[in-house]
Amino acid sequence: MAQFVLAGKANCPFYAKAELLADSLQRCLPDFRVHKVPVLPEDWEKWLEEICRRNGWIHQDSPLVWRELVDQGGKGMLLGGLRDFLQHCQDYYGITSDVQSDVTLSVASENLEAQMKLIAEEQHRISLVQPFHIWISSALSPTAHILIPHLVSSEVFPSIPTVSLHLLDLNGTQEDLQALMMETQNLALPLLHQVSIHTNLEEAFIGAHIILFLNDSDLDKAEFETKISEEHEKYGHLIDSRADKKVKVIVSCDSFANLKCSLLVGGAQSIDRHQFVAIATQLENAARAIIAERLKVKTSDVTDVIVWGNVSGECYVDLQRAKVFNYDGAVRGPAFFHQPVLKVEQDRKWLETDFQNMVRGRQAVVASKQRRETAMAAANGILSILKAWIGSCDPHVIFSLGVLCTGQHSLPHGIVFSVPVNFREGKWFPVCDVTLGDAVKNRLLQVR
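Residues numbered from 1 in each chain as written. Predicted model: local features only at pLDDT ≥ 70, side-chain atom pairs only at ≥ 80, totals over all residues. Heavy atoms only, no water.

(A) The arrangement of the overall build of the protein chain in detail. For the protein chain, the count of helices and strands is 14 helices and 18 strands. For 448 residues, the compact-globule formula gives about 22 Å, and the C-alpha radius of gyration of the protein chain, at 31 Å, lies well above that figure. C-alpha extents for the protein chain along the principal axes are approximately 95 × 50 × 40 Å. Taking all contacts inside the protein chain whose residues are at least 6 apart in sequence as the whole, residues at least 24 apart take part in 69%. Just so you have it, the protein chain exposes about 22900 Å², and 51% of that area is on carbon and sulfur atoms. Computed over 43 positive and 54 negative side-chain charges, the inter-centroid distance for the protein chain is 8 Å. (Helix = DSSP H or I, 4+ residues; strand = E, 2+ residues; numbered from the N terminus. Rg over C-alpha atoms; globule rule 2.2 N^0.38 Å. Contact = heavy atoms within 4.5 Å. Areas by Shrake-Rupley, 256 points an atom, 1.4 Å probe, with all protein chains shown as cover. Lys, Arg positive; Asp, Glu negative; His and termini not counted. Charge placed at Lys NZ, Arg CZ, Asp CG, Glu CD.)

(B) How the structure looks around the packing of aromatic side chains. Scanning the model with the defined rule gives 14 aromatic pairs in all. A centroid spacing of 5.7 Å and a plane angle of 65° characterise the contact between Trp 135 and Phe 205, whose relative ring orientation is edge-to-face. Of this pair, Trp 135 sits in strand 5 (residues 132-137) while Phe 205 sits in the loop between strand 7 (192-198) and strand 8 (210-213), and the two are 70 residues apart along the sequence. Residue Trp 135 shares its accessibility class with Phe 205, and that shared class is buried. Seen from their ring centres, Phe 205 and Tyr 235 are 5.7 Å apart, and the 85° between their planes marks the pair as edge-to-face. One end of the pair, Phe 205, is in the loop between strand 7 and strand 8; the other, Tyr 235, is in helix 7 (residues 221-242), with 30 residues separating them in the sequence. An aromatic cluster is defined as three or more aromatic residues linked by ring pairs; in this entry it consists of Phe 4, Phe 32, Phe 85, Tyr 92 and Tyr 93. Here Arg 294 stacks its cationic end above the ring of Trp 350, 3.8 Å away from the centre of that ring. The ring of Phe 429 has Arg 424 lying over it, and the distance from NZ or CZ to the ring centre is 4.2 Å. (Phe/Tyr/Trp six-rings, centres within 6.5 Å; stacked < 30°, edge-to-face > 60°. Buried < 20%, exposed > 50% of the residue type's maximum accessible area, 1.4 Å probe, protein only. Lys NZ or Arg CZ within 6 Å of the ring centre and 35° of its normal.)

(C) Expanded view of helix 14 (residues 438-446). Here helix 14 has its buried residues at Val 440, Lys 441 and Leu 444. Along the axis of helix 14, the buried residues cluster in a sector spanning 100°; they form a single face. Within helix 14, the exposed residues directed more than 90 degrees away from the buried face are Asp 438, Ala 439 and Gln 446. Buried residues along helix 14 sit in contact with strand 12 (306-309), strand 13 (315-318) and strand 17 (416-424). (Arc of directions from axis to C-beta.)

(D) Geometry of the nonpolar core. Core analysis: the biggest nonpolar cluster contains 56 residues, and Ile 136, Leu 151, Phe 157, Leu 167 and Leu 212 have the highest contact counts within it. Other than its neighbours up to four places away in sequence, Leu 167 contacts Ile 136, Ala 139, Ile 148, Leu 177, Leu 180, Met 181, Val 195, Ser 196, Ile 197 and His 198. Leu 201, Val 251, Leu 264 and Ala 292 belong to the second-largest nonpolar core, a separate cluster that totals 50 residues. (Core = buried A, V, L, I, M, F, W, Y, C linked by side-chain atoms within 4.5 Å.)

(E) The environment of Gly 266, seen in detail. With respect to the helices, strands and loops of the structure, Gly 266 is situated in helix 8 (residues 257-267). In the structure, Gly 266 is positioned 27 residues away from Glu 293 in sequence and 41 Å away in space, judged by C-alpha atoms.

(F) Structural detail: the pairing of strand 13. Where burial is concerned, the two faces of strand 13 agree: the one with Cys 315 and Val 317 and the one with Tyr 316 and Asp 318 are both buried. The antiparallel hairpin formed by strand 12 and strand 13 contains 5 residues in its connecting segment. (Pairing = 2+ DSSP bridges.)

(G) Summary view of the environment of Val 265. One can find Val 265 in helix 8. Remark: the alpha-carbon pair of Val 265 and Val 416, spanning 151 residues in sequence, is separated by 9.4 Å. Residues within four places of Val 265 in sequence aside, it is in contact with Arg 273, Phe 276 and Leu 404.

Encoded structure:
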């Protein structure tokens, strides 16, 4: 089978003449196929340069004709321009073109009109699509690589028809972001509408519905206060002026999580403060894993662990509401039967000392063994919070979030502090029937 590709400026009479000849051959010869690529005149030079560069061809005029190697694979075989195509058809098929110039001019005009109409229709179709915009800051972090394939899914966003993913990294290179964009596109995720990359703040957070702040470069406190502090406050102003007013902002990082969240809230004055959270899911899950190992159950059998305080600093792991399922003790029951962790584990000294230190240090231990951040745990934590916040969630399940306090649990107004919450109907609500002891509260507030 002979398959030819015919490309040219949509208003070019030479392209029209080659097109008419190709149509004639396609009608007469059952094994002759042609694919037409009309290009707008203003885009022709750039398009031609790119196709020639990609295939190693040299060609300057319209049209451009090549033969696809259907049976052999590989790049096509260049024929050349109109004259070369006419000669090829004469030599191989004994057919040439005798179309008058006025006919080719008329066809060229129709081609241009048809191409412009197609483009206008496509632009209109695109304008009707209202994608859900997700922005990832520090998009080149390991967490983002693990997160992306699971993030753009109907499991996380059950009622969202399409997603536009924006990859932002101020410290990354255009080449690295381009590679990440291509890799994301290659996933062929059904929900994914488009991927865009950003290395500066000129377009950051435009139309954002979800913004994820991941781990950035490791800085000490002095560097943070002089650099990142200003940067995140600026982020807050940009979110305030550019993002959707119902945007949900999630901070997930190993350092200064509460402070970053506070700066974002402070910069975004017109957006509800309840829409900014720092997640403590990694600490929760670390505590669950340690308790599960001690009680000889699965990590998933331990639930409702509470983290108070600074998500990435001084915190307290509270088990007053924690439950354990499938515990092999004196009392057994069906799968739904559970017992309070504090009833099963009665070593209060261990719970107040070694256990607390183990939870705080577990993330650092894993990171040091891997020689990189705990990206898998971070990605899992983000997905857990998003599923609860966006989709349906058991309203009794407890999560710990760093949020701007408004007096709950007698905490000072205006600080970001990790507290227990439930999710209901797309919103989080503080769990009020829990207590934080004054001694622990004062200690956490002093080192906040």
